[in-house]
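# Architecture at a glance
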Amino acid sequence: MGLAVFAFDRVLDPWLNGYMVERYGALLVLVVAGCAIYGVACFVTRTFRLSDIKALIRKRRPTDDIVQE
């Protein structure tokens, strides 16, 4: 992941030294690229499975443990 972000840094170098808006945009691209590479690496190394992500997103029913008076 570090190598990929380093490569993106070299590509985005002109924008990282430009105006403030250009710097923020380039930094946003670097962060999004790093997150995307991290996510792909998690699936490739089987750290996460798609079913795990679906289970986290799925709505949970409220429990009936609370007694209403």
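Residues numbered from 1 in each chain as written. Predicted model: local features only at pLDDT ≥ 70, side-chain atom pairs only at ≥ 80, totals over all residues. Heavy atoms only, no water.

What follows covers the packing of helix 1 (residues 2-11) against helix 3 (residues 20-44). Axis separation between helix 1 and helix 3 bottoms out at 9 Å; the angle between their running directions is 155°. Between helix 1 and helix 3, the crossing angle belongs to the class labelled roughly antiparallel. Both helix 1 and helix 3 take part in a crossing whose hand is right-handed. Residues A4, V5, F8 and D9 of helix 1 form the contact with helix 3, whose participating residues are L30, A33, G34 and I37. In terms of residue class, the contact of helix 1 with helix 3 is built from six nonpolar, one polar and one charged. (Axes fitted to C-alpha atoms, helices over the stretch in contact; angles between N-to-C directions. Helix = DSSP H or I, 4+ residues; strand = E, 2+ residues; numbered from the N terminus. Parallel < 35°, antiparallel > 145°, perpendicular 65-115°, else oblique. Left-handed = near helix turned anticlockwise from the far one by under 90°. Contact = heavy atoms within 4.5 Å. Nonpolar A, V, L, I, M, F, W, Y, C, P; charged D, E, K, R; others polar.)

At R46, a position not held by glycine, the phi torsion is positive, near 60°. As for its placement among the helices and strands, R46 is situated in the loop between helix 3 and helix 4 (50-57). For R46, a relative accessible area of 73% corresponds to the exposed category. (Buried < 20%, exposed > 50% of the residue type's maximum accessible area, 1.4 Å probe, protein only.)

With that out of the way, let us pick up helix 3. Given a rise of 1.5 Å per residue, 25 residues ought to cover 36 Å, and the 36 Å separating the end C-alpha atoms of helix 3 matches this to within 8%. For helix 3, the complete set of buried residues consists of A26, L30, A33, G34 and C42. A positive phi of about 60° marks R46, the residue just after helix 3. (Expected span 1.5 Å × (residues − 1).)

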